[in-house]
Each structure stands twice: as structure tokens, then as C-alpha cells.
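Listed here are the chains, written in short residue letters.
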Amino acid sequence: MALHYHIHPQYAHLQPLIAEVPRRFDNEGSLMYQVRNTIKRMELNENIWNVKSFQIPHFINRLAYRYFRQSKAARSYLYSLRLLELGVGTPQPIAYIEEHLFGGLSRSYYISQQIDYDYTLGDLLRRPPRGAAEMIARCIRFINDFHRKGVCFHDLSVGNILVKICPDGAPLFYLVDVNRTQFFDRPLTCSESVKPFCRLDTTPEQKEDILRQYARVSGFDYDEVKRHYAQHSRRDKQRRKLKIFHLRRGNDHNE
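Here the residue index of a chain counts from 1 through its sequence in written order. At least 70 in pLDDT is required for a residue's local features to be given in this predicted model, at least 80 for side-chain atom pairs to be given and counted, and no such filter applies to totals for whole chains, interfaces and linings, which use all residues. Excluded from the side-chain calculations are hydrogens and water; all other atoms, namely the structure's heavy atoms, are used.

Participant: Break down the overall build of the chain for me, citing the residues and quoting the values.
Facilitator: We count a stretch as a helix when DSSP gives it H or I for four or more residues in a row; a strand needs E for two or more, and each element gets its number in order from the N terminus. Within the chain, the regular secondary structure consists of 9 helices and 11 strands. What the globule rule says is 2.2 Å times the number of residues to the power 0.38, and the radius of gyration is computed from C-alpha atoms. For 255 residues, the compact-globule estimate of 2.2 N^0.38 gives 18 Å, and the C-alpha radius of gyration of the chain, at 20 Å, lies within 12% of that figure. Classification of residues uses two cut-offs on accessible area relative to the type maximum, computed with a 1.4 Å probe and protein chains only: under 20% is buried, over 50% is exposed, and between them is partly exposed. Counting only residues that meet the buried cut, the chain has 47% of its 255 residues in that class. Put simply, of all contacts in the chain between residues at least 6 apart along the chain, 61% involve residues at least 24 apart. Areas reported here follow the Shrake-Rupley algorithm with a probe of radius 1.4 Å; residue values treat only the protein chains shown as occluding. Carbon together with sulfur atoms contributes 50% to the accessible area of the chain, which is approximately 14,300 Å² in total. Separation of charge centres in the chain, based on 39 positive and 28 negative side chains, amounts to 5 Å. We call two residues in contact when some of their heavy atoms are within 4.5 Å. His is not counted, nor are the chain ends, whereas Lys and Arg count as positive and Asp and Glu as negative. Charged side chains are reduced to one point each, which is NZ for Lys, CZ for Arg, CG for Asp and CD for Glu.

Participant: Help me get a handle on the packing of aromatic side chains, residues and values and all.
Facilitator: Given two aromatic rings, one states the distance between the centres and the angle between the planes to describe the pair. Stacked, edge-to-face and tilted are the three classes for Phe, Tyr and Trp ring pairs, Trp counted by its six-membered ring, which pair at centre distances within 6.5 Å; planes under 30 degrees apart are stacked, over 60 edge-to-face, the rest tilted. Tallied over the entire structure, the rule returns 8 aromatic pairs. Ring geometry for Tyr 214 and Phe 220: centres 6.5 Å apart, planes at 35°, overall tilted. The class of Phe 220 is partly exposed, set by a relative accessible area of 24%. Put simply, the rings of Phe 142, Phe 146, Phe 153 and Phe 173 pair up and form one aromatic cluster. The rule is short: NZ of Lys or CZ of Arg within 6 Å of the ring centre and within 35 degrees of the ring normal puts a charge over the ring. Note that Lys 40 overlies the ring of Phe 25, its terminal NZ or CZ placed 5.1 Å from the centroid.

Participant: Provide a residue-level description of the sheet that holds strand 7 (residues 119-120), including the pertinent values.
Facilitator: With antiparallel pairing, the 3 strands of this open sheet are ordered in space as 7-9-10. What marks the edges here is a single partner per strand, and that holds for strand 7 and strand 10 (171-175). Only the stretch in contact is used when a helix axis is fitted, and all axes are lines through C-alpha atoms; the angle between N-to-C directions ranges over 0 to 180 degrees. On the sheet, helix 6 (residues 132-148) packs against strand 7, strand 9 (161-165) and strand 10 and is oriented at approximately 45° with respect to strand 10. The pairing criterion is simple: DSSP has to find at least two bridges between the two strands.

Participant: Could you give an account of the confidence of the model for the chain, naming the residues involved and the relevant values?
Facilitator: Per-residue confidence for the chain gives a mean pLDDT of 91; residues scoring 70 or more make up 93%. What pLDDT conveys is the predictor's confidence in a given residue, as a value from 0 to 100. Below a pLDDT of 50 lies the segment residues 251-255, which in the model reaches 0 contacts outside its immediate sequence neighbourhood of four places, other chains included.

Participant: Lay out the environment of Leu 101 with the relevant residues and their values.
Facilitator: Inspection of the secondary structure puts Leu 101 in strand 5 (residues 93-101). For the pair formed by Leu 101 and Ala 73, sequence separation is 28 residues and the distance between their alpha carbons is 16 Å.

Participant: How would you summarise the nonpolar core if you had to cite specific residues and measurements?
Facilitator: Buried Ala, Val, Leu, Ile, Met, Phe, Trp, Tyr and Cys residues that are joined via side-chain atoms within 4.5 Å together make up what is termed a nonpolar core. Counting residues in hydrophobic clusters, the biggest one holds 35 residues, and the most contacted among them are Leu 121, Ile 143, Phe 146, Ile 161, Leu 175 and Phe 197. Every residue in contact with Phe 197, bar those within four places of it in the chain, is listed here: Ile 143, His 147, Leu 156, Lys 207, Ile 210, Leu 211, Tyr 214 and Tyr 229. Core analysis: the next-biggest nonpolar cluster, separate from the first, contains 16 residues, Leu 17, Trp 49, Ala 95 and Ile 111 among them.

Participant: Residue-level account of the packing of helix 6 against helix 8 (residues 204-218), with values.
Facilitator: Packing of helix 6 against helix 8 leaves a shortest axis separation of 9 Å and a crossing angle of 50°. Here helix 8 runs oblique to helix 6, going by the angle between their axes. For the element pair helix 6 and helix 8, the recorded crossing hand is right-handed. Within the contact between the two elements, helix 6 uses Ala 137, Ile 140, Arg 141, Ile 143, Asn 144, His 147 and Arg 148 and helix 8 uses Ile 210, Gln 213, Tyr 214, Val 217 and Ser 218. Polar here means any residue outside two lists: the nonpolar Ala, Val, Leu, Ile, Met, Phe, Trp, Tyr, Cys and Pro, and the charged Asp, Glu, Lys and Arg; Gly therefore counts as polar. A breakdown of the residues in the contact of helix 6 with helix 8 according to their chemical character gives 6 nonpolar, 4 polar and 2 charged. Each angle gets one of four labels, with under 35 degrees taken as roughly parallel, over 145 as roughly antiparallel, 65 to 115 as roughly perpendicular, and the rest as oblique. Handedness of each helix crossing follows the sense of rotation of the near helix against the far helix: counterclockwise by less than a right angle gives left-handed, clockwise gives right-handed.

Participant: If you had to explain the pairing of strand 5 to someone new, which residues and values would you point to?
Facilitator: Of all 9 residues in strand 5, 8 are buried; the element is thus mostly enclosed. Relative to strand 6 (residues 104-113), strand 5 is paired through 7 bridges, and the arrangement is antiparallel. Among the inter-strand pairings, Tyr 96 is bridged to a residue of strand 6, identified as Tyr 110.

Participant: Tell me about the pairing of strand 9, and please be specific about residues and values.
Facilitator: In this sheet, strand 9 lies alongside strand 7 in antiparallel orientation, the contact comprising 2 bridges. From the neighbouring strand, Thr 120 faces strand 9, where its bridge partner is Leu 162. Following strand 9, the chain reverses through 5 residues before pairing antiparallel with strand 10; Gly 169 in that reversal takes a positive phi of roughly 95°.

Participant: Outline the side chain of Arg 24, supporting the account with residue identities and numerical values.
Facilitator: Positionally, Arg 24 belongs in helix 2 (residues 21-24). For Arg 24, the contacting residues outside a window of four places in its chain are Leu 17, Met 42 and Leu 44.

Participant: Explain the sheet that holds strand 5 to me, and be specific about the residues and the numbers.
Facilitator: If you trace the 6 strands from one edge of the open sheet to the other, you get 1-5-6-4-3-2, paired in antiparallel fashion. Looking at which strands have only one partner, the edges of the open sheet turn out to be strand 1 (2-7) and strand 2 (30-34). In this sheet, adjacent strand axes meet at a mean angle of 20° when their direction is disregarded. Taken together, the 7 bridges between strand 3 (residues 38-44) and strand 4 (residues 47-54) define a ladder with antiparallel strand orientation. Following the sheet pairing, Glu 43 is matched in strand 4 by Ile 48.

Laid out in C-alpha cells, this is it:
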């Protein structure tokens, strides 16, 4: 097995410690998330890092990620750098690591600074603390700001926007899980801007309020925002139904 490292120059002196991550990941650290991918908070020699281990891809993607496409770990690192260059909040990237086995990509890891956040956007919507309405309004302005900078954040879920409260009470926002971000050299169109809102898991009333606020701060006509959202939402539901149908057919054939 061969290991490939790419380390931010600011952290080059920590290369020996970063090289230990693949060996120590399974048995150390505090588990933060585990579905397809696994995220841990790891403390290594007084360094507190957020480490994401990506699921081993299937055979074709193992070869594609090795020779033709950037891995999810590499994209997480590179896209985070790009976001920071654009002034969009995201945790400081430290490194990514790829394990190459039998000519293809096996496991891969993305390492970033751990953000000790106070809330996710989901917390503000589901268990609103005092001042939640103002924080949500500021979050919508944050989203509009990176849309104007040409950033399309496709994984706009309520868990992928972190909120950290500054000592003066002002919220700071951070995007996480950024490997599916798309960058344009122009502001997003209304349709491009609205499409990611389909991923937000909210009540219909909350979604309507968010879209209304977004229309106001973006300058898009609210009727146009609603129309594009309805179109994308309908297509998204159709894609999900087809995916479930094919998964069920596959399971039936395997039985």
C-alpha cells in the first residue's frame, strides 16, 4: 500500500504527525459522525483536528479517483482553500491523505482544524435559542454572499452550516462537507441559487420563510424564486423515486 500526502505549507512541520493519522484513525479520536463516511475529532500532540475518512469507493471509482478524477478528500482540501480565498467561512484545511492499493484509491482522509461551534443551522431551526431569528437572517445573507461570489454549495443541508458565536455576540458561519461545491466566475443565476435549497430539511413554513428572506436579500423576484424552487423540488423528488426503485429492483434480483 502506498500513501500519498498533500500538506498545507503552514503545517509542513507536522508531517510526521499527519502521517500517523491513517494508522491511528480507527482506534483513536471522538466519533462525531458515521454513516457512509466517518468523522472524528482527534487530539494529536496538542493539535485538535477534524478528520474525515471517506468510504472506500467501488472498483470503477477506485480507478477513476486514482487516475482521472480528484478524490473527495483532495476536493475537500482544494475547495476549502478556494472558499477561504473568496472570503467564505470554512475550517482551515491542513492536509489530505490517499491510500493507493492495487493501482486504485482505497481509503482517503481530509484533515482540517476543528471548529468548536455553538450551533448548526438545524439547531437554529429545530431548537431555536434566543436570537435565532436574527442568526437565521444573517445566515441567509451569508448564503447570498457566497452565491454572489460564484459559489454553488450543492450540499446545503442544515447540518453543513456551522454557527460560532463571537464574544461580542455576532455569529460566524462555516461551510463543511464542501467536496461537491461548484465555482463560477460570475454570480449565480436565480435557478442556480435556489436549487441547493431543496436539500434543506425544514418544515414547509420554514422553507417558505427562508426563500422569502433569500429573495429579499438577493434581489430576485419572490415569484421567480418560488417557481424555480418548485421545478427543482419536483425534479429532485423524481430522481429520488427512481433511485429507490432501482435499489429495490437490485435487492429483488439479489434475493
